[in-house]
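# Structural overview for review
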Number of protein chains: 2
Amino acid sequence: MKLYIVGFGCGSYEGMTLGAKLAIERSDLIVGYTVYAGLIKQYFLDKEYFCTGMRQELDRVEAALEQAAGGRTVSLICSGDSGVYGMAGLAYQLSPMYTGVDIEVVPGVTAALSGGALLGAPLTADFAVISLSDLLTPWEKIEKRLRLAAQSDMVISLYNPSSRKRADYLRRVCLILLEYLPGDTVCGYARNIGRNGEEYAVMPLCKLKDASVDMFTTVFIGNSQTKNIGGKMVTPRGYNV
Amino acid sequence: MKLYIVGFGCGSYEGMTLGAKLAIERSDLIVGYTVYAGLIKQYFLDKEYFCTGMRQELDRVEAALEQAAGGRTVSLICSGDSGVYGMAGLAYQLSPMYTGVDIEVVPGVTAALSGGALLGAPLTADFAVISLSDLLTPWEKIEKRLRLAAQSDMVISLYNPSSRKRADYLRRVCLILLEYLPGDTVCGYARNIGRNGEEYAVMPLCKLKDASVDMFTTVFIGNSQTKNIGGKMVTPRGYNV
């Protein structure tokens with residue numbers, strides 16, 4: 001009767017909240033995307049898992065709700081946060097069709113925060129989080145948001161900056177942002193945060209457009225105050241120092 | 001020689017990451033804002049604390065760097081995330097004056113995520129995080145960001161929506177947003193997340209302007225798709241359901 005929707009963070013043990021760990025431990029069944037479930041299986045070896053592939057979100061959420069409605073305690077797991085581009089929204093949308101399921105959303109550290117920590121402190125001021133995936137959002141809407149965010153002098157964190165079908169999207173986005181922002185705007189990216197192959201880089205916007213990124217990369221565009229301090233991306237917040 | 005900058009989340013034990021807990025346990029000294037340090041002291045009773053009051057951020061960060069430079073392991077703690085309106089930026093800004101300090105930023109669950117989980121799933125789509133505090137950011141800049149964010153159809157999460165000196169700020173902001181957004185835009189707020197007195201409410205924008213909020217409240221403005229589903233604030237992401 002209980003469905004936890006759990007954000008487990010970047011995938012490292014340390015990146016998980018105590019609440020996420022507890023929810024998974026209390027569950028009879030763990031439901032998730034095969035690749036991301038694979039990241040945390042090692043910490044919860046004795047659990048039953050139901051995993052499906054990319055773009056099968058509906059199947060997963062329906063299975064989780066059905067099993068919870070049937071009386072089991074279920075954790076529907078998401079990498080990062082359970083809300084930010086996560087499954088909590090879809091679970092609530094479908095929940096009226098499954099009576100008696102008590103949904104509890106357990107938040108987690110989304111990639112803007114874990115990637116930001118790796119890069120330094122890019123998000124000390126107001127910021128926008130924008131996904132470049134146009135599977136579920138029309139590109140025109142994404143582009144409009146990018147143009148408005150660039151004019152607002154907010155820091156921007158870009159999710160899903162690339163995929164096989166969208167190999168040139170980051171370049172396209174940088175060219176749009178360069179219409180508003182100077183080429184020396186401090187930017188950076190973090191890849192495989194908290195996992196094997198973890199890396200990050202700080203660079204000006206004019207170089208970012210040629211950076212090679214993948215779907216495990218989170219990109220950061222600084223605001224007009226953002227600095228490179230000893231190789232870290234740092235946005236000051238107005239203290240007189 | 002080690003300075004952890006630790007985001008400990010909303011203040012509940014479950015809201016902390018395993019990495020935050022570990023960093024604090026490993027530290028000889030915990031430095032923080034009196035009110036927020038008070039929230040987590042109960043979980044780390046045997047530690048030495050150095051706490052200062054509101055607006056004494058510089059004192060805290062300097063003390064933390066100084067103690068770390070002197071050879072101790074120090075945790076500079078922040079509520080929510082260590083980066084988002086947190087102390088990581090200031091620590092990096094001041095760090096060149098303290099040689100040999102190894103800074104590690106430990107991210108945490110910021111109020112947009114923990115408040116979002118309490119409200120349901122407001123942040124399933126692109127969003128902006130904007131603080132209404134004009135102590136460190138000029139009001140004109142905040143207002144410009146609000147106007148651009150409203151035009152972008154991003155969900156907006158508002159931090160620091162009120163204080164004694166800024167009692168009418170949320171009302172002012174709602175009136176600005178109502179220039180762009182319909183009055184029935186689904187909004188909500190979360191207060192005292194994960195603590196005594198935790199509460200949340202979902203309401204249309206036209207009602208939000210009269211809501212009573214304080215500095216422990218996080219406010220959410222939905223996008224054009226956001227719905228009230230059984231009292232929860234839910235932003236769908238484009239799945240056909």
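Residues numbered from 1 in each chain as written. Chains lettered and ligands numbered in written order. Predicted model: local features only at pLDDT ≥ 70, side-chain atom pairs only at ≥ 80, totals over all residues. Heavy atoms only, no water.

With that settled, the discussion passes to the packing of helix 6 (residues 139–151) of chain B against helix 7 (residues 169–177) of chain B. All names here are of chain B. Across the interface, helix 6 lies against helix 7 with an axial gap of 10 Å and an inter-helix angle of 40°. Relative to helix 7, the element helix 6 lies oblique. Between helix 6 and helix 7 lies a crossing of right-handed hand. Of helix 7, the residues touching helix 6 (which contributes Trp 139, Glu 143, Leu 146, Arg 147 and Ala 150) are Tyr 169, Arg 172, Val 173, Ile 176 and Leu 177. Residue composition of the contact of helix 6 with helix 7, by class: seven nonpolar, no polar and three charged. (Axes fitted to C-alpha atoms, helices over the stretch in contact; angles between N-to-C directions. Helix = DSSP H or I, 4+ residues; strand = E, 2+ residues; numbered from the N terminus. Parallel < 35°, antiparallel > 145°, perpendicular 65-115°, else oblique. Left-handed = near helix turned anticlockwise from the far one by under 90°. Contact = heavy atoms within 4.5 Å. Nonpolar A, V, L, I, M, F, W, Y, C, P; charged D, E, K, R; others polar.)

The next point concerns the packing of aromatic side chains. How two aromatic rings sit relative to each other is set out by the distance from centre to centre and by the angle between their planes. Residue and element names in this part refer to chain B. All told, the structure shown has eight aromatic pairs over all chains when counted by the stated rule. On the numbers, 5.1 Å between centres and 80° between planes, the contact of Tyr 33 with Tyr 36 is edge-to-face. Taken as a pair, Tyr 33 and Tyr 36 share a single burial class, namely buried. For Lys 41, the ring lying beneath its charged end belongs to Tyr 49, and the centroid distance is 5.0 Å. Across from the ring centre of Tyr 169, 4.7 Å away, lies the NZ or CZ of Arg 172, which sits over that ring. (Phe/Tyr/Trp six-rings, centres within 6.5 Å; stacked < 30°, edge-to-face > 60°. Buried < 20%, exposed > 50% of the residue type's maximum accessible area, 1.4 Å probe, protein only. Lys NZ or Arg CZ within 6 Å of the ring centre and 35° of its normal.)

What follows covers the relation of the copies chain B and chain A. Once chain B is rotated about the relating axis by 180° and shifted along it by 0.0 Å, it coincides with chain A to within an RMSD of 0.0 Å. Taken together, the rotation and translation describe the operation of a two-fold axis. Most of the interface of chain B is mirrored in chain A, where 100% of its interface residues are also at the interface. (Least-squares fit on C-alpha atoms with pLDDT ≥ 70 in both.)

Before going further, it helps to spend a moment on the sheet that holds strand 13 (residues 232–234) of chain B. Each strand in a sheet pairs with its neighbour through backbone hydrogen bonds, running either in the same direction (parallel) or in the opposite one (antiparallel). Residue and element names in this part refer to chain B. The three strands are arranged 6-13-12 in an open sheet whose pairing can be described as mixed. Of all the strands in the sheet, just strand 6 (120–121) and strand 12 (227–229) have a single pairing partner and so form its edges. The pairing of strand 6 with strand 13 spans two bridges and is classified as parallel. Opposite Gly 120, over in strand 13, you have Met 233 as the bridge partner. (Pairing = 2+ DSSP bridges.)

Moving on to the interface of chain B and chain A. Every contact between the two is made by 65 residues of chain B and, on the other side, 65 residues of chain A. In terms of surface lost to chain A, no three residues of chain B exceed Leu 18, Arg 237 and Tyr 239 of chain B, which account for 13% of the buried area on that side. Where chain B packs against chain A, one counts six salt bridges. As a salt-bridge pair, Lys 141 of chain A and Asp 153 of chain B come within 2.9 Å of each other at their nearest N and O atoms. (Buried area = accessible area lost by both parts, 1.4 Å probe. Salt bridge = Lys/Arg side-chain N within 4 Å of Asp/Glu carboxyl O.)

Attention now goes to the confidence of the model for chain A. Here chain A averages 96 in pLDDT, and 100% of its residues register 70 or above. The complex model carries a pTM of 0.97, and its ipTM stands at 0.97. (pLDDT = per-residue confidence, 0-100.)

Let us look at the environment of Leu 123 of chain B. The topology assignment puts Leu 123 of chain B in the loop between strand 6 and strand 7 (127–131). As for Leu 123 of chain B and Ala 211 of chain B, which are separated by 88 residues in sequence, their C-alpha atoms are 21 Å apart. Those residues within four positions of Leu 123 of chain B in sequence are excluded, and the remaining contacts are Gly 83, Val 84 and Tyr 85 of chain A together with Ala 112, Leu 113, Val 155 and Phe 220 of chain B.

The next thing to look at is helix 1 (residues 18–26) of chain A. Three or more residues of helix 1 of chain A are buried, namely Leu 18, Gly 19, Ala 20, Lys 21, Ala 23 and Ile 24 of chain A. Buried residues in helix 1 of chain A make contact with strand 1 (2–7), strand 2 (29–33), helix 2 (34–40), strand 4 (73–78) and strand 5 (102–106) of chain A together with helix 1 (18–26) of chain B.

So, on to the pattern of salt bridges. Taken as a whole and assessed by the stated rule, the structure comprises 26 salt bridges over all chains. With its nearest N and O atoms 3.8 Å apart, the salt bridge here joins Arg 145 of chain B to Asp 153 of chain A. Residue Arg 145 of chain B is located in helix 6, and its partner Asp 153 of chain A is located in the loop between helix 6 (139–151) and strand 8 (155–159); the two belong to separate chains. No difference in accessibility class separates Arg 145 of chain B from Asp 153 of chain A, as the two residues are buried. Residues Glu 25 of chain B and Lys 21 of chain B are paired through a salt bridge, measuring 3.1 Å at the closest nitrogen-oxygen approach. Taken together, the residues span about one helical turn, with Glu 25 of chain B and Lys 21 of chain B both in helix 1 at a distance of four residues. Residue Glu 25 of chain B is classed as partly exposed on the basis of its relative accessible area of 40%. Counted as one network, the salt bridges with shared partners bring together Asp 126 and Asp 153 of chain A together with Lys 141 and Arg 145 of chain B.

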